[in-house]
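What the coordinates show
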Amino acid sequence: PMMAKWGESMDDILRVAEKTNLYTRSYGVGIRSAIHPVTGLPIMPMPDDKIELGIGVHGESSGRQVDMMRSGELAALMCDEIINDMPLEKGEKVVVKLQGLGGLSWMEIYILYGDIYDCLTRKGIEIYRVSVGNNGTQELGGVILSIGKTDEEIRKLIRCYKRESQV
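Residues numbered from 1 in each chain as written. Predicted model: local features only at pLDDT ≥ 70, side-chain atom pairs only at ≥ 80, totals over all residues. Heavy atoms only, no water.

**Regarding the nonpolar core**
Quick reminder of the rule: Only buried Ala, Val, Leu, Ile, Met, Phe, Trp, Tyr and Cys residues count toward a nonpolar core, and they belong to the same one when joined by side-chain atoms within 4.5 Å. A 1.4 Å probe rolled over the protein chains alone gives each residue an accessible area, and that area as a share of the maximum for its type sets the label: buried under 20%, exposed over 50%, partly exposed in between. Strands here mean DSSP runs of E at least two residues long; helices mean DSSP runs of H or I at least four residues long; both are numbered from the N terminus. Whether two residues touch is decided by their heavy atoms; if any such pair falls within 4.5 Å, the residues are in contact.
Residues Leu98, Leu120, Leu145 and Ile147 are the most contacted members of the largest nonpolar core, which totals 30 residues. Secondary-structure elements contributing two or more residues to this core are strand S1 (24–32), strand S2 (50–53), helix H3 (71–85), strand S4 (93–100), helix H4 (106–122), strand S5 (126–134) and strand S6 (141–149). Here this core takes seven residues from H3, the largest share from any one element. Those residues in contact with Ile147, other than ones at most four positions away along the chain, are Tyr23, Thr24, Arg25, Ile82, Met86, Leu88, Val94, Val95, Val96 and Leu120. Core analysis: the next-biggest nonpolar cluster, separate from the first, contains five residues, Ala34, Ile55, Leu101 and Leu140 among them.

Printed below as a string of structure tokens:
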């Protein structure tokens, strides 16, 4: 929307959108079941000692439940899943979004982000911008981690957007 507001051509907007899509990967983890808004009951079975890897943004099951793990282990697993699909070089600048799905506390989300930060910086990857928060509304105890590569054009657009949004 901002590029259109700035008068950029549709071709440039589509080119940047396609590049951003190509440069971004996401990975979801379910830690507690979503709660049905009417009944108040869990939507899917999720044992207390298990988590589900690879869930969708609405809690769609992947069928891959594993034993609960500590935040640092989970952060490493999530980062490795993304980096295995989209290799990142040492010194590369990335944007990171850790999106809570509504059922985790802010403290839980920020603890996990701290471990994600540690994991990426140990690999020599620079976090250019970060967004952390609860964006979900379905009270799903889970998160989606998104990591996006940047280039100079994307970083310039991020800087311009940040300046304009602060006005």
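From this point on, the discussion continues.
**Let's talk about H3**
Definition in use: What a helix should span is 1.5 Å times the count of its residues minus one.
In this model H3 runs 21 Å from its N-terminal to its C-terminal C-alpha over 15 residues, within 8% of the 21 Å that 1.5 Å per residue would give. If you check which residues of H3 are buried, you get Leu74, Ala75, Leu77, Met78, Cys79, Ile82 and Ile83. Close packing links the buried residues of H3 with S1, S2, H4 and S6.

**Topic: the pattern of salt bridges**
Put simply, the rule reads: Whenever a carboxyl oxygen of Asp or Glu lies within 4 Å of a side-chain nitrogen of Lys or Arg, that contact is scored as a salt bridge.
As enumerated under the stated definition, the model contains 11 salt bridges in all. A salt bridge links Asp85 to Arg25, with the nearest nitrogen and oxygen atoms 2.4 Å apart. Within this pair, whereas Asp85 is found in helix H3, its partner Arg25 is found in strand S1, the two being separated by 60 residues in sequence. With relative accessibility at 49%, the residue Asp85 sits in the partly exposed group. Classification of Arg25 as partly exposed rests on a relative accessible area of 22%.

**A few points about the sheet that holds S5**
Within a sheet, each strand pairs with its neighbour through backbone hydrogen bonds, oriented either parallel or antiparallel. Keep this limit in mind: The pairing criterion is simple: DSSP has to find at least two bridges between the two strands. The angle between two axes is taken between their N-to-C directions and runs from 0 to 180 degrees, where each axis is a line fitted to C-alpha atoms and a helix contributes only its stretch in contact.
Here we have six strands laid out as an open sheet, ordered S3-S2-S1-S6-S4-S5, and mixed in their pairing. If you trace the sheet from one side to the other, it starts and ends with strand S3 (65–67) and S5, each paired once. Here the average twist between neighbouring strands, direction ignored, is 20 degrees. Pairing geometry for S1 and S6, over eight bridges, is antiparallel. Bridged to Thr24 within S6 is Gly148. Packing against the sheet, H3 makes contact with S1, S2 and S6, and its axis sits at approximately 150 degrees to S1.

**Looking at the side chain of Glu52**
Rule in force here: When charges are counted, neither His nor the chain ends are considered; positive counts come from Lys and Arg and negative counts from Asp and Glu. Residues adjacent in sequence count toward polar contacts only when both atoms are side-chain atoms; beyond that, a polar contact is any pair of N or O atoms within 3.5 Å, and within protein one must be able to donate a hydrogen and the other to accept it.
Summarising the element assignment, Glu52 is placed in strand S2. Among buried charged residues, Glu52 stands out as having no salt bridge; its nearest opposite-charge side chain is Arg64, 9.3 Å away. A polar contact of 2.9 Å, which involves the side chain of Glu52, links it to the backbone nitrogen of Gly63. Only 3.5 Å separates the side chain of Glu52 from the side chain of Gln65, close enough to count as a polar contact. Those residues in contact with Glu52, other than ones at most four positions away along the chain, are Gly28, Val29, Gly30, Met44, Met46, Ser61, Ser62, Gly63, Arg64 and Gln65.

**Quick word on the packing of aromatic side chains**
Which entries qualify depends on this criterion: Note on aromatic pairs: the rings of Phe, Tyr and Trp (six-membered ring only in Trp) are paired at centre separations within 6.5 Å, and the planes decide the class, stacked below 30 degrees, edge-to-face beyond 60, tilted for the rest.
Going through the model one piece at a time under the given rule, you end up with two aromatic pairs. An angle of 25 degrees between the planes, with centres 6.1 Å apart, marks the rings of Trp106 and Tyr110 as stacked. With Trp106 and Tyr110 both in helix H4 and four residues apart, this pair spans about one turn of that helix. Here Tyr110 falls in the partly exposed class, since its relative accessible area comes to 44%.

**Concerning the pairing of S1**
Taken together, the two bridges between S1 and S2 define a ladder with antiparallel strand orientation. Paired with Gly30 across the bridge in S2 is Glu52.

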